[in-house]
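# Chains, contacts and geometry: an overview
Chain residues, written in single-letter form:
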Amino acid sequence: METAISKAIIERYFNKLLSNLKLDCAIVGSGPSGLVCAHALAKAGRKVAIFEKRLKPGGGITGGAMLFNEIVLPESLSDFLDEMGIRHSPAPDNSEFLVCDSIEVSSAFTYQAVHAGASIFNGISVEDLIYKNERVCGVVINWTEVLQNGLHVDPLMIGAKTVLDAGGHDAELTAKFARKAGIKLKTETGGIMGEKPMWAEEGEKSTIENTAEVFPGLFVSGMAANGVYGSFRMGPIFGGMIYSGLKASELIISSLEET
Ligand code: 48H
């Protein structure tokens, strides 16, 4: 019995990994913008996988605000939340906002993405990007534990027509890529402009504007987009993150249609 359990897990996991060796889109990070983008791409029939360095998907949604596990969303997302099966209540004293249980949001986004056909590989970090002929064309992955323990173990590579850096604050992966490849990003300065302090209204708006292809084959969403293009944080309101994930999926689908 014991070995049958092991065989079932090993066989299915490795089949899943093998079937994700060549992707339409590799997404770095399972925060809100990554999960929403993965769901939209999978729904559109694209081959998509998320690589998440931590054990649990959800990124910054799950903990809510200061571990009060509730988050705020704009009322304009009410139909979207209904489609995702997420319950919401009007915020007290403000008809523009809804409040949701952050555990319900992160689990619904995760479930909907996987159920639509996206794969999520948790405990795996993206440590580098594949870069050929002036284009990003995949990710370099390793077990998070290997990296955390500083073990000298070579990675594996996943091919992807597009890569989305949805890795959150400070856009560390895009910054590392730009430095190592010695390339200029499509920003005003050609480099990472850096996240700014708190300004909720501006942060919510600019997260959507900043969602873009920052180098051929490499897209940025969510707080990584604000880190790259130099914009404000917004605290525990998540409208910009969701609209950013939806916009990223549209940009990626257009780019896939061109190639
Ligand atoms: C694998 C990685 C890697 C890597 C990081 O931060 P996130 O929740 O992502 P966003 O940008 O969609 O959402 C941001 C939002 O949660 C937030 O922080 C807000 C609204 N802040 C406002 C404020 O004022 O503070 O999730 C990113 C995910 C995390 O789960 C990371 O573990 C993961 O990406 N990740 N996974 N390889 N190299 N880097």
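See the structure shown above.
So, here is what we can say about the structure in this document. This one's a predicted model, so the numbers in the text were calculated from it and none came from an experiment.

On to the pattern of salt bridges, then. Enumeration according to the criterion identifies 6 salt bridges in this entry. With a shortest N-O distance of 3.3 Å, Asp 24 and Lys 161 are connected by a salt bridge. A residue pair is termed long-range when its members are at least 10 positions apart, and Asp 24 in strand 1 (residues 22-28) and Lys 161 in strand 9 (residues 156-165) qualify at 137 residues. On the accessibility criterion, Asp 24 (11% relative accessible area) is buried. Residue Lys 161 is classed as partly exposed on the basis of its relative accessible area of 48%. Between Lys 205 and Glu 202 there is a salt bridge whose closest N-O contact spans 3.5 Å. On the criterion of helical spacing, the pair formed by Lys 205 and Glu 202 is a turn pair, its members being 3 residues apart in helix 7 (residues 200-210). The partly exposed category is assigned to Lys 205, whose relative accessible area is 43%.

What follows concerns the side chain of Ser 33. Of note, Ser 33 is situated in helix 2 (residues 32-43). A relative accessible area of 4% places Ser 33 in the buried class. Among the polar contacts made by the side chain of Ser 33, one reaches the side chain of Ser 221 at a distance of 2.9 Å. When residues no more than four places from it in sequence are discounted, the contact partners of Ser 33 are Ala 166, Ser 221, Gly 222, Met 241, Ser 244 and Gly 245.

Each full turn of the α-helix corresponds to 3.6 residues, which orients residues three or four apart in the same direction. Here helix 2 is 12 residues long and its end C-alpha atoms lie 16 Å apart, about the 16 Å a rise of 1.5 Å per residue gives. In the stretch just after helix 2, Gly 45 is the one whose phi turns positive, near 85 degrees.

The final tally for this structure, using the stated rule, is 8 aromatic pairs. With centroids separated by 5.4 Å and ring planes inclined at 10 degrees, the aromatic side chains of Phe 51 and Phe 121 adopt a geometry described as stacked. Here Phe 51 is found in strand 2 (residues 48-52), whereas its partner Phe 121 is found in strand 6 (residues 119-122), with 70 residues between them in sequence. Neither residue differs from the other here; Phe 51 and Phe 121 are each classed as buried.

What follows covers the sheet that holds strand 3 (residues 70-74). Pairing within the open sheet is antiparallel, and its 3 strands lie in the order 3-5-4. With one partner strand each, in any of the chains shown, strand 3 and strand 4 (89-91) form the two edges of the open sheet. Neighbouring strand axes in the sheet, compared pairwise and without regard to direction, differ in orientation by 45 degrees on average. In this sheet, strand 5 (residues 94-101) lies alongside strand 3 in antiparallel orientation, the contact comprising 5 bridges. Counterpart to Val 72 in the pairing with strand 5 is Val 99. Lying on the sheet, helix 4 (residues 102-115) is in contact with strand 3 and strand 5; it crosses strand 5 at an angle near 75 degrees.

Parameters at a glance
Residues numbered from 1 in each chain as written. Predicted model: local features only at pLDDT ≥ 70, side-chain atom pairs only at ≥ 80, totals over all residues. Heavy atoms only, no water. Salt bridge = Lys/Arg side-chain N within 4 Å of Asp/Glu carboxyl O. Helix = DSSP H or I, 4+ residues; strand = E, 2+ residues; numbered from the N terminus. Buried < 20%, exposed > 50% of the residue type's maximum accessible area, 1.4 Å probe, protein only. Polar contact = N/O pair within 3.5 Å; in protein donor to acceptor, adjacent residues only side chain to side chain. Contact = heavy atoms within 4.5 Å. Expected span 1.5 Å × (residues − 1). Phe/Tyr/Trp six-rings, centres within 6.5 Å; stacked < 30°, edge-to-face > 60°. Pairing = 2+ DSSP bridges. Axes fitted to C-alpha atoms, helices over the stretch in contact; angles between N-to-C directions.

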